[in-house]
There are 2 protein chains.
Amino acid sequence: MAEINGNFLNLEESYLFSDIAKKVAAYQKAHPEKRVIRLGIGDVTLPLTPSVTAALHAAVDEMGKAETFHGYGPEQGYDFLRNEIAAYYQSRGVELDAGEIFVSDGAKSDIGNITDLFSSENTALIPDPVYPVYVDTNLMNGRRIVYLKAGESNGFLPMPPAEAKAGLIYLCSPNNPTGAVYSKEQLEKWVEYALDCGAVILFDAAYEAYIADPSLPHSIYEIKGAERCAIEFCSLSKTAGFTGTRLGYTVVPYALTAAFGGKEVSLNRLWLRRQTTKFNGVPYIIQKGAQAVFSPEGQKETQELVTYYMKNASVIAEALSAKGIPYVGGINSPYIWMKCPEGLKSWEFFDELLNRCSVVGTPGAGFGANGEGFFRLTSFGNHQDTIEAMERFSAAF
Amino acid sequence: MAEINGNFLNLEESYLFSDIAKKVAAYQKAHPEKRVIRLGIGDVTLPLTPSVTAALHAAVDEMGKAETFHGYGPEQGYDFLRNEIAAYYQSRGVELDAGEIFVSDGAKSDIGNITDLFSSENTALIPDPVYPVYVDTNLMNGRRIVYLKAGESNGFLPMPPAEAKAGLIYLCSPNNPTGAVYSKEQLEKWVEYALDCGAVILFDAAYEAYIADPSLPHSIYEIKGAERCAIEFCSLSKTAGFTGTRLGYTVVPYALTAAFGGKEVSLNRLWLRRQTTKFNGVPYIIQKGAQAVFSPEGQKETQELVTYYMKNASVIAEALSAKGIPYVGGINSPYIWMKCPEGLKSWEFFDELLNRCSVVGTPGAGFGANGEGFFRLTSFGNHQDTIEAMERFSAAF
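Cut-off values and rules
- Residues numbered from 1 in each chain as written.
- Chains lettered and ligands numbered in written order.
- Predicted model: local features only at pLDDT ≥ 70, side-chain atom pairs only at ≥ 80, totals over all residues.
- Heavy atoms only, no water.
- Helix = DSSP H or I, 4+ residues; strand = E, 2+ residues; numbered from the N terminus.
- Rg over C-alpha atoms; globule rule 2.2 N^0.38 Å.
- Buried < 20%, exposed > 50% of the residue type's maximum accessible area, 1.4 Å probe, protein only.
- Contact = heavy atoms within 4.5 Å.
- Least-squares fit on C-alpha atoms with pLDDT ≥ 70 in both.
- Salt bridge = Lys/Arg side-chain N within 4 Å of Asp/Glu carboxyl O.
- Pairing = 2+ DSSP bridges.
- Axes fitted to C-alpha atoms, helices over the stretch in contact; angles between N-to-C directions.
- Parallel < 35°, antiparallel > 145°, perpendicular 65-115°, else oblique.
- Core = buried A, V, L, I, M, F, W, Y, C linked by side-chain atoms within 4.5 Å.
- Phe/Tyr/Trp six-rings, centres within 6.5 Å; stacked < 30°, edge-to-face > 60°.
- Polar contact = N/O pair within 3.5 Å; in protein donor to acceptor, adjacent residues only side chain to side chain.
- Expected span 1.5 Å × (residues − 1).
- Left-handed = near helix turned anticlockwise from the far one by under 90°.
- Nonpolar A, V, L, I, M, F, W, Y, C, P; charged D, E, K, R; others polar.
- Disulfide = S-S within 2.5 Å.

**Some details on the overall build of chain A**
So, step 1. Scanning chain A from N- to C-terminus turns up eleven helices and 15 strands.
So, step 2. In summary, chain A has a C-alpha radius of gyration of 21 Å against a globular reference of 21 Å for 397 residues, a match within 12%.
So, step 3. Taken over the C-alpha atoms alone, chain A extends approximately 60 × 55 × 55 Å along its principal axes.
So, step 4. Across the 397 residues of chain A, 63% fall into the buried class.
So, step 5. Long-range contacts, defined as pairs at least 24 residues apart, comprise 72% of the intrachain contacts of chain A with a sequence gap of at least 6.

Dropping the structure here:
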């Protein structure tokens, strides 16, 4: 008799984006003359760059000829790409061996799948508001979650709790949804805490390329000792426009171990075993496209994408500043996390913004209890649209 | 304190293919004048077909322009592809809704990840010899395994056990490694058994395209009632040469439920929840390439690939028949599972075949205890090489 994993029944259905879509559709139907502008999307809009498409075309040609065809590749990624990623880290002063880097189809997959490695008896510390994947994947394992409040009082950057003994710690910096970025000193405190209690930090660095301030760390491994307590997830989705092209990478240092029955077990070996058993690698074609992202020309193009989106972030941030509306993010991050004006709740402001301005954003309450009263705007839209949206907002609020 | 999932420590390291590589390297070093032919590989060697590469190029061009760029797609795959797959099933008389089809990066990933849905208290019935992924992914969950002996006495096609009450049942037809194929009547018995005891059949149909005999089922859903007890995994890896391009699909029928606390839970909904939470879909580019596989021209090209490999299978099968060596597979399957000649054990025959003929195969013992005394040859090599390898074999044994 097959019995399901009952932990799935503890998951809440997420209606956030479907509820938004329904509200927008109803509004558009009632007001067909209005042009709706979306500042709610977490997806990029600029196309793949010329270096990347050239590399993809060349790889397709290789796959079409017997002499250059590629069948099964290494599950953890080709060395030509892992070496480029290692060099990218090195350019930020972080020394990694290619064997510590695992190429995957995206940070979301790895952040979910990494939970396979850990006992469901571990407690997970997770910030609130939060990227829902951290919560749901732990609920699927039946793991206990302790939420860390991210709010105005701590600049949306929770610090280690005095009490809780964690097994797993989720940190995301620059943060989704808040846009807040941890300083080096703050991450040092987290590393110290993790080393103290033997916890593993799961560090989501998917937005690292948006950091402009040279004092802010892009990688947890810029912190001494992190190689003994942290796994880092990164992605080309938001940097090189790979949301529909799918490539991420996860760093599991050789020095990282966890306990079992008094034994120290290498998490790098454990993840390699997981990936070689349950994964078959990223398409050769896509890995060649990703390699081009790390070329000098590819890096220049990627920087142009980031610059374009960050001009949007500035437009949003300036409009909010001019109104005296509190917000975080918008600098060093593509997300802007604003306090809802006029004392509105998240969904109330959503309705007002839609009705008064025909602009769509994301209610903060959708990211957790502590998101209530806040609202997420993103900089991934068209530049002219972003300007117009904020002009409408400035006139209406 | 982070504690690992201790079940990982129950996994045996697999040295099968690394041991083979070491032996071949040593042989080649000792005999640099010998040309080694490999009939051990489970990977395809013919390139992607013209329809597929044309579609891939066109999709790359789309991704390079803002107007036709694709960001995040549906996690379960684009409808343009799911509809093609539904039509493919329909051409075999199986009616599926596109919502019952989930596109993924390959059957291996899905076969591993599907275990997320089930309680670790379920017993898994697994044939021996076996594709090691079935065993290892269940060990990672701490699930009890009952092995079903596949041997000469049952034509390498184990039937339902009288005693064991199963939760999960793994069937692979055409089988890897043995090449044996279940008949309609045999699968009817399995479906009856599964419905009787409320088990879920996990049916691996990755090699279905190699079936030539029209009486043999390609899909478990050709059996009445299977939509209430079976999940099917399929892949373009071995049919369209996608081992390095990565696309598979999994069918979870709407009618399939499993129990929890007296409730009936839809496995289609559960898998959708798993995939939307832990997966972000297959690259748009790759899905467009896969769509081309299902076009009339793509199907014709795919059939040519299969025909080429099956000519190799015939060469191997004829050589074994001429020697009176028992084997299974080679018809309706790209694998040939032979009894080791001269009473040799699997690894002894490996050494003899390498030393006498400079030919490499895969020792059956590497696929489980019941593989001892058997040997796997594959038809995925070059045709002239396959002929030469079997000529060498015929002269030497």
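**With respect to the relation of the copies chain B and chain A**
So, step 1. Least-squares fitting of chain B to chain A yields an RMSD of 0.0 Å, with the superposition described by an axial translation of 0.0 Å and a rotation of 180 degrees. With respect to symmetry, the two chain copies, as superposed, fit the operation of a two-fold axis. Relative to the rotation axis, the C-alpha of His57 of chain B is the closest in chain B, positioned 3.0 Å from it.
So, step 2. Comparing contact sets, 100% of the residues at the interface of chain B also lie at the interface in chain A, consistent with an isologous, same-surface contact.

**Things to note about the pattern of salt bridges**
So, step 1. The final tally for this structure, using the stated rule, is 32 salt bridges over all chains.
So, step 2. Between Arg356 of chain A and Glu342 of chain A there is a salt bridge; the shortest N-O distance is 2.8 Å. Of this pair, Arg356 of chain A sits in helix α10 (residues 346–357) while Glu342 of chain A sits in the loop between β12 (335–339) and α10; the two residues are 14 residues apart in sequence, bridging distant segments of the chain.
So, step 3. Assessed through its relative accessible area of 35%, Arg356 of chain A is described here as partly exposed.
So, step 4. Between Arg274 of chain B and Asp116 of chain B there is a salt bridge; the shortest N-O distance is 3.0 Å. Residue Arg274 of chain B is found in helix α7 (residues 267–278), and its partner Asp116 of chain B is found in the loop between α4 (107–113) and β3 (123–128); the two are separated by 158 residues along the sequence. Side by side, Arg274 of chain B and Asp116 of chain B carry an identical accessibility label, which is buried.
So, step 5. One connected set of salt bridges, linked through shared partners, spans Arg35, Asp385, Glu388 and Arg392 of chain A.

**A word on the sheet that holds strand β8 (residues 248–251) of chain A**
Residue and element names in this part refer to chain A.
So, step 1. Ordered in space as β2-β8-β7-β6-β5-β3-β4, the seven strands form an open sheet in which the pairing is mixed. Strand pairing shows two members of the sheet lacking a second neighbour, β2 (101–104) and β4 (144–149), which therefore form its edges. Direction aside, the axes of adjacent strands within the sheet are offset by 20 degrees on average.
So, step 2. Relative to β4, strand β3 (residues 123–128) is paired through six bridges, and the arrangement is parallel. When the sheet's bridge partners are listed, Pro127 is paired in β4 with Leu148.
So, step 3. The sheet strands contacting helix α6 (residues 184–197) are β3, β4, β5 (168–172) and β6 (200–204), and the helix crosses β5 at an angle near 170 degrees.

**Considering the interface of chain B and chain A**
So, step 1. At the junction of the two partners, chain B supplies 81 residues and chain A supplies 81 residues.
So, step 2. Put simply, chain B and chain A have six salt bridges between them.
So, step 3. A salt bridge links Glu13 of chain A to Arg269 of chain B; its shortest N-O distance comes to 3.6 Å.
So, step 4. Listed by contribution, the elements that provide at least two residues to the side of chain B that touches chain A are α2 (50–63), α4, α5 (132–140), β9 (257–260), β10 (263–266), α7 and α8 (284–293) of chain B.

**A word on the packing of α10 of chain A against helix α11 (residues 383–396) of chain A**
All names here are of chain A.
So, step 1. Contact pair α10 / α11: the axes reach a minimum separation of 10 Å and the direction vectors enclose 100 degrees. If you check the angle between α10 and α11, you find them roughly perpendicular. Contact residues: α10 offers Phe349, Leu353, Arg356 and Cys357, while α11 offers Arg392, Phe393 and Ala396.

**Comments concerning the sheet that holds strand β11 (residues 327–329) of chain A**
All names here are of chain A.
So, step 1. Pairing is antiparallel across the open sheet formed by four strands, whose spatial order is β11-β12-β15-β14. Edge strands, defined here as strands with exactly one partner in the open sheet, are β11 and β14 (362–363).
So, step 2. One ladder, built from five bridges, connects β12 with strand β15 (residues 374–378); its direction is antiparallel. Bridge pairing in β15 links Met338 to Phe375.
So, step 3. Its contacts with the sheet place helix α9 (residues 296–323) against β11, β12 and β15, and it is angled at close to 15 degrees to β12.

**Details of the nonpolar core**
So, step 1. Counting 210 residues, the largest nonpolar core has Ile169, Ile201 and Phe242 of chain A together with Ile169, Ile201 and Phe242 of chain B as the members making the most contacts within it.
So, step 2. Those residues in contact with Phe242 of chain B that sit more than four places away from it in its chain are Leu48, Val52, Leu236, Ser237, Leu247, Ile286, Gly289, Ala290 and Val293 of chain B.

**Observations regarding the environment of Cys197 of chain A**
So, step 1. Here Cys197 of chain A is to be found in helix α6.
So, step 2. Put simply, Cys197 of chain A and Ala166 of chain A are 31 residues apart on the chain and 7.2 Å apart in space, counted from C-alpha to C-alpha.
So, step 3. The residues contacting Cys197 of chain A, other than those within four sequence positions of it, are Ala166 of chain A together with Met1 of chain B.

**Some words on the packing of aromatic side chains**
So, step 1. Under the counting rule described, the total for this entry stands at 48 aromatic pairs over all chains.
So, step 2. For the pair Tyr207 of chain A and Tyr335 of chain A, a centre-to-centre distance of 5.1 Å together with 70 degrees between the ring planes defines the contact as edge-to-face. Taken together, the positions of Tyr207 of chain A in the loop between β6 and β7 (230–235) and Tyr335 of chain A in strand β12 put the pair 128 residues apart, joining distant regions of the chain. As far as burial versus exposure is concerned, Tyr207 of chain A and Tyr335 of chain A are alike and both buried.
So, step 3. Their ring planes at 80 degrees and their centres at 6.4 Å tell us that Phe156 of chain B and Trp337 of chain B sit as a pair that is edge-to-face.

**Focus: unusual backbone geometry**
So, step 1. The peptide bond linking Ser173 of chain B to Pro174 of chain B adopts the cis configuration, its omega dihedral lying at -10 degrees.
So, step 2. Considering the arrangement of structural elements, one finds Pro174 of chain B in the loop between β5 (168–172) and α6 (184–197).
So, step 3. Residue Pro177 of chain B follows Asn176 of chain B across a cis peptide bond; omega there is 20 degrees.
So, step 4. Tracing the backbone through its elements, the reader meets Pro177 of chain B in the loop between β5 and α6.
So, step 5. Within the chain, Arg246 of chain A stands out as a residue other than glycine whose phi angle is a positive 65 degrees.

**Concerning the side chain of Ser119 of chain B**
So, step 1. Within the secondary structure, Ser119 of chain B sits in the loop between α4 and β3.
So, step 2. Among the polar contacts made by the side chain of Ser119 of chain B, one reaches the main-chain amide nitrogen of Glu121 of chain B at a distance of 2.9 Å.
So, step 3. Not counting residues up to four positions away in its chain, the partners in contact with Ser119 of chain B are Glu3, Ile4 and Asn5 of chain A together with Arg143 of chain B.

**Examining helix α7 (residues 267–278) of chain A**
Residues and elements named next belong to chain A.
So, step 1. Compared with an ideal rise of 1.5 Å per residue, which puts twelve residues at 16 Å, α7 spans 16 Å between its outermost C-alpha atoms and is within 8% of the ideal.
So, step 2. Burial of α7 is extensive: nine of the twelve residues sit out of reach of the surface.
So, step 3. For α7, the complete set of buried residues consists of Leu267, Asn268, Leu270, Trp271, Arg273, Arg274, Gln275, Thr277 and Lys278.
So, step 4. The backbone nitrogen of Asn268 has a side-chain oxygen 3.3 Å away, supplied by the residue at the start of α7, namely Ser266.

**Here we look at the packing of helix α5 (residues 132–140) of chain A against α7 of chain B**
So, step 1. In the contact formed by α5 of chain A and α7 of chain B, the axes pass within 10 Å of each other and the chain directions differ by 135 degrees. Relative to α7 of chain B, the element α5 of chain A is oriented oblique. Along this stretch, α5 of chain A crosses α7 of chain B, giving a crossing that reads as left-handed. Contact residues: Val133, Asp136, Thr137 and Met140 of chain A in α5 of chain A; Arg273, Arg274, Thr277 and Lys278 of chain B in α7 of chain B.
So, step 2. Of the residues in the contact of α5 of chain A with α7 of chain B, the class split is two nonpolar, two polar and four charged.

**Section: the state of the cysteines**
So, step 1. A full pass over the atoms with the stated rule returns zero disulfides over all chains.
So, step 2. Not engaged in a disulfide, the cysteine Cys197 of chain A finds its nearest cysteine sulfur in Cys229 of chain A; these two sulfurs lie 9.3 Å apart.
So, step 3. The class of Cys197 of chain A is buried, set by a relative accessible area of 13%.
So, step 4. Its sulfur unpaired, Cys357 of chain B is 13 Å from the next cysteine sulfur, which belongs to Cys340 of chain B.

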